Amino acid sequence: MPKHSSLAKRSATALAAAFVLLVLLSTASASYAQTAFAQTASASYAQRETPASVTGRVREGERGVAGIVVALLSSDPSQRFKAIARAKTDAEGRFRLSNITPGRYQIMPLAPVYVVQGMSDNWPPGKLLTLLAGDEVSDIDFSVERGGVITGRVTDAEGNAVVAEFVSVEPADPNTQPARRGPFDQRDQMTDDRGVYRIYGLPAGNYRVSVGQNDESGTVSYGRRKVYRRTFYPDATETAQARLVEVKPGSEATDIDITLGRAVKTYRASGRFVFAETGQPAPNVVFGFGALNPKGQHVSSFGGGGAATNARGEFQTEGLTPGRYSVFAYPQQDATDFYSESVSFEVTDADVTGVLVKLKRGASVSGVITIEGLSDRAAAAHLLAQVRLYGYIESSNRSPVPNYSRAPAIAPDGSFHLGGLRPGKLRIVASADGTKGLSVSQVELNGANVNSSGIDLTEGAQLTGVRVRMVYGSAVIRGQVNFTNGPLPPNARVMAFARRVGGAVAEATGEHQVSTDARGLYVIEGLAAGEYEIIVRVFNAGRVFESEAQRVSLAEGGDMNITTAIDLNAPFKGGRR
Amino acid sequence: MRTPRRLVPVLFILALLAASGAHASFAQQPVVVIDPPPKTKQQTTPTTQPAQSPSPKTQDAPGENANRAAATKADATKAARAAASPINGRVVGDAGEPLAGVAIYALPRSPAPGFRSPHVVMADEEGNFQVTGLDPGLYMLNASMPGYVSEVDPLTGRPGGTYRPGDNVVVRLVHGGVITGTVTDPQGEPLVAQSVRAFRVHDLDGHTPPTPFPFSGENRTDDRGVYRIYGLQPGLYVVFVGGFAPSAYGITSAYGGDAPTFYPSGTRDTATEVSVRAGQETMGVDIRYRDEQGHRVTGTLDLPVVAPGDFDTGVMLTFASTGMPAGSVGVKPNSNERSFSIESIADGDYDLQAMGGGREGLTGASAPQRVSVRGADVTGLRVTLAPLASISGTLVIEPSSETERARDACKDRRAAQLPQETLITVNPERARATTARPFSRLSMPHDATPDETGAFTLRTLESGRYRLAFRLFDEALYVRSVQLPAATQTTPATPTTAQRTVNSAAPRAATTSTGAVASGLLDLQTGQRLSGLSIRVAEGAASFGGRIVASEGAAPPPFAQMRVHLVPQEREHADDLLRFYEAAPASDGSFSFKNLAPGRYLVLARPSTDTDEAAPRPAAWDTDSRAKLRREAEATAVTAELQPCQRTNDFTLRFPPSPPK
């Protein structure tokens, strides 16, 4: 998958990313296989449906906080926007969630006015909780503190309200975790039609409050109206001149008014896309452009709004502040034979014209995908039809120039073709939406394993003989980690690792790893049949404690329970890992 | 990843719908503008390209154009390569003052389906802007500035207008209205970080807007429970908190699954409407949250065929007959169950509809069905996705004859006429008084623009009866005829079905050829691909304008409720709807018609019989009212003879008309 999984900072990015996901995950041709496989994973839970319950307390200091909604969210990220169960705390701050289907969850208070201790920097927020059939889990406690408020008004040089501008609040102390209140909506930090903003739920501390764009690099104000130079409260453009705003728990810092200078003048850039081979104009090319920082790295990337070149291959962009930019073509979903170079240009104090971008014929790779670990051949064929395959060219700098290419639908015999690739080191990734347990085990070029080396592509190369081995696993390991001699240090993280040993695909299958929950429970799903080595590691303050390796043998679709005992008195192994 | 995947197909479907050439546009952006309109946002990714393959090898528009003549193609391609003139304009505010720093979006009304990307330019300090680099064609122009709204075109119910290269445009933005208040829970505590939404249900005159996409605004309550929704189009709104749907941000709500509470503290049926005026603040719209568990509406989606690889489906629930969304969810088209569950639904009546599509745009929809929720979940619904129909054809511009061109009046007409500068619209033909019918999101006018060869396709059509309408952007042109080939090629409908598409309203029009669609009526079957529609446009159009004035001794005519009609006087055009023209007079009684076929007309001004709709239905459309119209026009016997290229703008029309001598 492309590196789109990092948290979207801005809503626009989130929406954009949603569309990336949409296209990346849109399913292949219909098949019954998906359901058949999905069932395997959940069947084991279904067999022991005795509901579970969770109780706990939300407190501020020693006092319980009433009326806080505590929610149980699915551990499946795609389901996380919906609470599976929720309860309000009573007068003593106690909550009870009952009649819960056993499974894995995140549990968290949905209380944006409060700062939940130890959770401001977690993603996903909340605590991981594995509920077994009939579990009655108690003492899931949360400590909260009422957050502070910063409010004020933003005006421009003429005293007019600045509407719909994002107000940034950064802790002055670099050690303070950035304030991110669980369910976050960037609109909560925008000025309204009067220029008024109100940001609440802030952890105590000193803050720099600012509006506008950092001028270290150019900015694309694509459709965003005026661009202002970053200005700190009350009217400073230098970070050092920013007046700090002190926020105390539950208090309100008012009249934090910011006066902006003149809007930054923006410019237009225009040019043409042509085919390098013929010099002919390239019409209907979807192009993007991005601002570069002083090191020449991309700091932002805009799809040009999905804009495409016109019939004469011409493009233009608006709203560029002075700075350095680059422009490039996005690869098309139906992989074309071409890739685009990225052309940079500088905006100083005038419109830029005549930027020429060339489309070059790319390299191609073809081969075959195989699926192992499934004895039912028909099922394997159906699974194959859902696989999508992508090629990525490894890139050392943060380039927004899309470096991936998606193969058209995989043929029934498993053959695939990737075209329009730029030169570089190619990585191949394959996945099937909605099918757990299907992963790439090994990529081979003419029989040689290229998992770690990747495939070197030279300009215009046409490689054949690539084999992508995928393995399907439906077995499950359910683990319980018991600690003796100890409470676990409060900040320790416990993870379980399952590594396949022996067998043809052992090396490549890699380690499966999961975090254990608050009670030391974990589940690893989607494992192929075979021998596995289970190791539990405790990470604490840069040191690692490792359990003895335990071996288990899994059958296709098997379900195995395993218990690991860890003596916290035993010496930590290793050092920093 | 913040945006939940399950939400994505619905966004996608909605985007497809907006891009489908249907009457949706950037008008649908939330009024709280924080970024470019949705269309723009969606396209800030590499993977949401326009649907046509920009494969460098094919330089022609793909799609329905395969069968056109190669020579025409080559010429036309050359023509398309020529740069079009810019669109120049100016953005002004409430008092006509120039507005600086406004983003202007020019969205091509291109013939190809799928996403279109707007050209975006910024107005300068004086509010002036210029959109350059345009290909010939039509463009929808809109402006975006937070807190401001565009004037709404009363005919389409949408902001912004359609223009062609070379036009000079004044874009007017006015301060939007504000709704603000506090939301408290049943204990009187503030409800924090909850989404409050306002949907416009009527305009200020009480008319229901013709678009199925109501204007809306959204904001979230703060730590005091206070919300403030700004930048609202004037009108009457219902305001509610909670209920369906994560917004696009997909945030876990502490109140998810609850039924929505409408202002002041009830359901949609008991909601009090809130009046919003331009530039004014409606305060104290305080909501007492009901804290009531919503119900689920669940079922399964049937697909008639295997979905193609990029196909996505969604199911949408709207409040009965109004089009206001109540909930929606994506359905994985290739999963075995294809089950859906829409949550947070309060008691009431709803309409359920499924839609599906891929990169080629929306291609399937279910017939909408009514769902009643009464104190319990509604389960076991079955929704079947059916393929959507399309109409394709060719628009030909016939050059005028030598004699016509020799006429003085016709001498200074534009030399090159472009088929791309025509808007072909089909309006679903609704039986009257059927508000009880389930609401379909697709039941709205659909339009298309021909490509440079004149080929066009109207897509995303449900089965049913449609009326054709045209908008020509060149004053020199008029629509001469509309024909279907005698043996219409249709897929998958049978030949007998195809026969029935022809001219059923005017069977006795003696001189009309068997294939003519003089009635403008087209019947479409589910999934039918009606092709071969031939639209002939001719040069030499006349225009006709003037003023309605009160007859001697009569009271001032009620201009706002009146319509002016042109009725063809020639017998052979008696039932040719292309020769009937209708216009609403301005508030001073002035009226104007363009793109008229030369000929003799009866001219009639009369009060409209259809005043409850924002866009009244033309009187000529129904056989009875057409006959009545002719009788009245013949009784008053006011006539006008229009020669090719004639421009009349000083016609005086008396009201009430004096009886004929």
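Since the model is a prediction, treat every value here as computed from it, not as a measurement.

Chemist: What is the right way to look at the overall build of chain A in this model?
Modeler: When helices and strands are tallied, chain A shows 4 helices and 43 strands. Burial analysis of chain A (577 residues in total) assigns 44% to the buried set. Across chain A, every contact between residues at least 6 apart in sequence was considered, and the portion connecting residues at least 24 apart equals 73%.

Chemist: In this structure, what is going on with the overall build of chain B? I would like to understand it.
Modeler: Of the regular secondary structure elements, chain B holds 6 helices and 43 strands. Taken over 661 residues, chain B has a buried fraction of 54%. Within chain B, contacts between residues at least 6 apart in sequence are counted, and of these 75% link residues at least 24 apart.

Chemist: Just to check I follow, could you spell out the sheet that holds strand β26 (residues 352-361) of chain A for this structure?
Modeler: Whether parallel or antiparallel, the strands of a sheet pair through hydrogen bonds between backbone atoms. Residue and element names in this part refer to chain A. In spatial order, the strands read β22-β20-β26-β24; together these 4 strands make up an open sheet with mixed pairing. Each edge of the open sheet carries a strand with a single partner, namely β22 (314-320) and β24 (338-340). Averaged over all neighbouring strand pairs, the angle between strand axes comes to 30 degrees, with direction disregarded. Summarising the sheet, strand β20 (residues 267-275) and β22 pair through 5 bridges and their orientation is antiparallel. Paired with Tyr267 across the two strands is Leu320, which belongs to β22.

Chemist: Honestly, the environment of A:Asp173 in this entry has me stumped. Any pointers?
Modeler: All names here are of chain A. If you trace the backbone, Asp173 turns up in the loop between β11 (167-171) and β12 (196-202). Sequence separation between Asp173 and Asn206 is 33 residues; the distance between their C-alpha atoms is 7.1 Å. Not counting chain neighbours up to four residues away, the residues in contact with Asp173 comprise Gly205 and Asn206.

Chemist: So what exactly am I meant to see when it comes to unusual backbone geometry here?
Modeler: Note on backbone geometry: most residues besides glycine have negative phi, and most peptide bonds are trans. A:Pro234 follows A:Tyr233 through a cis peptide bond whose omega is 0 degrees. Positionally, A:Pro234 belongs in the loop between β15 (231-232) and β16 (245-247). Here the residue pair B:Phe655 and B:Pro656 is connected by a cis peptide bond, since its omega of -10 degrees sits within 30 degrees of zero. Non-glycine residue A:Asn446 carries a positive phi angle of around 50 degrees. Along the chain, the position of A:Asn446 falls in the loop between β32 (438-445) and β33 (448-449). One non-glycine residue, B:Ala637, lies in positive phi territory at about 60 degrees. As for its placement among the helices and strands, B:Ala637 is situated in the loop between α6 (623-636) and β42 (639-642). Taking the C-beta count within 10 Å as the criterion, B:Ala637 has 15 such neighbours and is therefore assigned partly exposed.

Chemist: Explanation requested: the sheet that holds strand β36 (residues 475-484) of chain A in the structure shown.
Modeler: All names here are of chain A. Read from one edge of the open sheet, 3 strands run β39-β36-β43, paired in mixed fashion. The sheet is open, and its two borders are formed by β39 (521-527) and β43 (559-567), each paired with just one other strand. Across the sheet, the mean angle from the axis of one strand to that of its neighbour is 20 degrees, orientation sign disregarded. The pairing of β36 with β43 spans 9 bridges and is classified as parallel. Bridging across to β43, Ile477 finds its partner in Met560.

Chemist: Whenever I open this one, the pairing of strand β6 (residues 103-110) of chain A confuses me. Can you help?
Modeler: All names here are of chain A. Of all 8 residues in β6, 6 are buried, a share of seventy percent or more. As defined by bridge partners, strand β3 (residues 69-74) adjoins β6 across 6 bridges and the pair is classed as antiparallel. By the bridge assignment, Leu72 is partnered in β6 with Ile107.

Chemist: Before we go on, may I ask you to explain the environment of B:Phe215 in this structure?
Modeler: All names here are of chain B. Along the chain, the position of Phe215 falls in the loop between β12 (195-202) and β13 (216-220). Judged by the 29 C-beta atoms lying within 10 Å of it, Phe215 is buried. Residues Phe215 and Pro234 lie 19 residues apart in sequence; the distance between their C-alpha atoms is 9.6 Å.

Chemist: What exactly am I supposed to notice about the confidence of the model for chain B here?
Modeler: Predicted coordinates in regions of low pLDDT should not be interpreted in detail. Residues and elements named next belong to chain B. When pLDDT is averaged along chain B, the result is 77; 73% of the residues meet or exceed 70. Here residues 1-80 is a poorly scored stretch, pLDDT under 50, and it has 246 contacts once near neighbours within four places are set aside; other chains count. Scored below 50 in pLDDT, residues 487-514 shows 46 contacts in the model against residues more than four places distant or in partner chains. Scored as a complex, the prediction yields pTM 0.80 and ipTM 0.79.

Thresholds applied
Residues numbered from 1 in each chain as written. Chains lettered and ligands numbered in written order. Predicted model: local features only at pLDDT ≥ 70, side-chain atom pairs only at ≥ 80, totals over all residues. Helix = DSSP H or I, 4+ residues; strand = E, 2+ residues; numbered from the N terminus. Buried ≥ 20, exposed ≤ 12 C-beta atoms within 10 Å, placed from the backbone. Contact = placed C-beta atoms within 7 Å. Pairing = 2+ DSSP bridges. Axes fitted to C-alpha atoms, helices over the stretch in contact; angles between N-to-C directions. pLDDT = per-residue confidence, 0-100.

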